[in-house]
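Per-entry structural report
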Amino acid sequence: MTETRTDAETRTDAETRTATRTETAPPAEAFKKDLRTYLQDARDALLWKLEGLSEYDVRRPLTPTGTNLLGLVKHATAAEALYFGETFGRPVEAPRPWITGDAEPNADFWATPEESRELIVGQYRAACAHADETIAALPLDAVGRVPWGDRSAVTLHHSLVHMTAETQRHAGHADIVRELVDGATGQRRDGENTAPGDEAWWAAHRARVERAARTAAESAAGRS
C-alpha cells in the first residue's frame, strides 16, 4: 500500500520552509545598505576621474558624440536629483535632464563656459546628499512617480537599482575618457584593481592584443 502525505503534513512543510527563509533572509535595511554602498562606489569613481586635470581636459570631448568628464558628472547630478528628489516629491535644485523635455538635446552632458567645475561638482555632491536623505527616510517599497512621460510609478528599490546601474555605466565611460586624456586608469585612485605594469609592459600588452585581433580577423576571412 502506497503511503500518501496528508494536506496537513504538506502544509506544515511549506510553513517550515517559509519560516526558514524568513529567518535567514537579510532585512530590508541590509538590502538598502548594499545598494547604497555600490551606488557610492560609483559616485566616488566618477568624481575622482576629474582630479588633477585642467579646465580643458575635464571638458574636452573625446568621442564623436562629445563624451566628456565634467558632462558625465553634470548628467549624473540631474539623474540623482530626478530619481531621488522630484520622483518622491522632494525636489532639489539641479540641472534638468534633456530627456524630460525641459532642456535642449544633450544639455546635461556638457558644461558651458559659465558653469565652473566647482559649481557642477558642488551640485553633484548636494544632489547625492539629498538622495541619501531620501534613501534613509523611505522604505524600499515606497512608491514615487518619474516626472515626465506617463509618470510611471517606481519604488525606491527600483530607483536605487536604476541609479546604481546608471552611475556605474557612466563611471565606465569616465574610465575610458580619463585614460585617453592622460593614461590614468582604475576604479579607485590607488589603481589596485588594474593589472600592475609600467609603460613598457602596457605597450607590450596592447601590441599582443592587437596581434590577436588581427590573427582572428585573418582566420575569419579565410573561412569565409
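Conventions adopted
- Residues numbered from 1 in each chain as written.
- Predicted model: local features only at pLDDT ≥ 70, side-chain atom pairs only at ≥ 80, totals over all residues.
- Heavy atoms only, no water.
- Axes fitted to C-alpha atoms, helices over the stretch in contact; angles between N-to-C directions.
- Helix = DSSP H or I, 4+ residues; strand = E, 2+ residues; numbered from the N terminus.
- Parallel < 35°, antiparallel > 145°, perpendicular 65-115°, else oblique.
- Contact = heavy atoms within 4.5 Å.
- Nonpolar A, V, L, I, M, F, W, Y, C, P; charged D, E, K, R; others polar.
- Core = buried A, V, L, I, M, F, W, Y, C linked by side-chain atoms within 4.5 Å.
- Buried < 20%, exposed > 50% of the residue type's maximum accessible area, 1.4 Å probe, protein only.
- pLDDT = per-residue confidence, 0-100.
- Salt bridge = Lys/Arg side-chain N within 4 Å of Asp/Glu carboxyl O.
- Phe/Tyr/Trp six-rings, centres within 6.5 Å; stacked < 30°, edge-to-face > 60°.
- Expected span 1.5 Å × (residues − 1).
- Left-handed = near helix turned anticlockwise from the far one by under 90°.

**Describing the packing of helix H2 (residues 28–48) against helix H5 (residues 117–137)**
Contact geometry for H2 and H5: axes closest at 12 Å, N-to-C directions at 180°. By the angle class used here, H2 and H5 are roughly antiparallel. Only Val121, Tyr124, Arg125, Cys128, Ala131, Asp132, Ile135 and Ala136 of H5 make contact with H2, whose side of the interface consists of Lys32, Arg36, Leu39, Gln40, Arg43, Leu46 and Leu47. Per-class residue counts for the contact of H2 with H5 are nine nonpolar, one polar and five charged.

**Considerations on the nonpolar core**
Counting 18 residues, the largest nonpolar core has Leu46, Leu47, Leu50, Leu69, Leu70, Val73 and Tyr124 as the members making the most contacts within it. Of all the secondary structure elements, the ones that give two or more residues to this core are H2, helix H4 (69–84), H5 and helix H6 (156–182). If you tally residues by element for this core, the top one is H4, at five residues. The contact partners of leucine 70, leaving out residues within four places of it in the chain, are Leu50, Val58, Arg59, Ala111, Arg117 and Ile120.

**Comments concerning the confidence of the model for the protein chain**
The predicted model of the protein chain has a mean per-residue pLDDT of 86, with 85% of residues at 70 or higher. No element of the protein chain has a lower mean pLDDT than helix H1 (residues 7–24), which averages 51, and none a higher one than helix H3 (residues 55–59), which averages 97. Contacts of residues 16–22 to residues separated by more than four positions or lying in other chains number zero contacts, the stretch itself having pLDDT below 50.

**Description of the pattern of salt bridges**
Within the structure shown, the criterion is met by 12 salt bridges. Notably, a salt bridge pairs glutamate 55 with arginine 59, separated by 3.0 Å at the nearest N-O pair. One end of the pair, glutamate 55, and the other, arginine 59, are both in helix H3, four residues apart, so they sit about a helical turn from each other. On the basis of relative accessible area, glutamate 55 is assigned to the partly exposed category, the value being 35%. Taken together, the salt bridges that share partners define one network made up of Arg36, Arg43, Glu80 and Asp132.

**Some thoughts on the environment of valine 121**
Positionally, valine 121 belongs in helix H5. Taking the C-alpha atoms as reference, valine 121 lies 7.8 Å from leucine 47; in sequence the two are 74 residues apart. With residues up to four places along the chain from it excluded, the contact list for valine 121 reads Leu47 and Leu50.

**Some points on the packing of aromatic side chains**
Enumeration over the complete set of coordinates arrives at one aromatic pair. Ring centres of tryptophan 201 and tryptophan 202 lie 4.7 Å apart, and the angle between their planes is 90°; on these two criteria the pair is classed as edge-to-face.

**Topic: H6**
Taking 1.5 Å of rise per residue, 27 residues should cover 39 Å, and H6 covers 38 Å from first to last C-alpha, within 8% of that figure. Phi turns positive, to about 85°, at glycine 183, one or two residues after H6.

**Here's the deal with the packing of H4 against H5**
The geometry of H4 relative to H5 is characterised by a closest axis approach of 9 Å and an angle of 30° between their N-to-C directions. In this view, H4 runs roughly parallel relative to H5, as classed from their interaxial angle. You can see that H4 and H5 cross each other, and the crossing is left-handed. Seen from H4, the contacting residues are Leu70, Val73, Lys74, Ala76, Thr77, Glu80, Ala81 and Phe84; seen from H5, they are Arg117, Ile120, Gln123, Tyr124, Ala127, Cys128, His130, Ala131, Thr134 and Ile135.

**Description of the environment of tyrosine 83**
Here tyrosine 83 is to be found in helix H4. Sequence separation between tyrosine 83 and threonine 155 is 72 residues, and the spatial gap between their C-alpha atoms is 10.0 Å. When near neighbours in sequence (up to four residues on either side) are disregarded, tyrosine 83 contacts Phe88, Val146, Trp148, Ser159, His162 and Met163.

**As for the side chain of threonine 167**
Position of threonine 167 relative to the elements: it lies in helix H6. Look at threonine 167 and you get buried, because its relative accessible area is 1%. Residue contacts for threonine 167: discarding those within four places in its chain leaves Leu39, Ala42, Arg43, Leu46, Glu80 and Tyr124.

**Let's talk about unusual backbone geometry**
The phi torsion at asparagine 106 lies on the positive side, around 70°, for a residue other than glycine. Its place among the elements puts asparagine 106 in the loop between H4 and H5.

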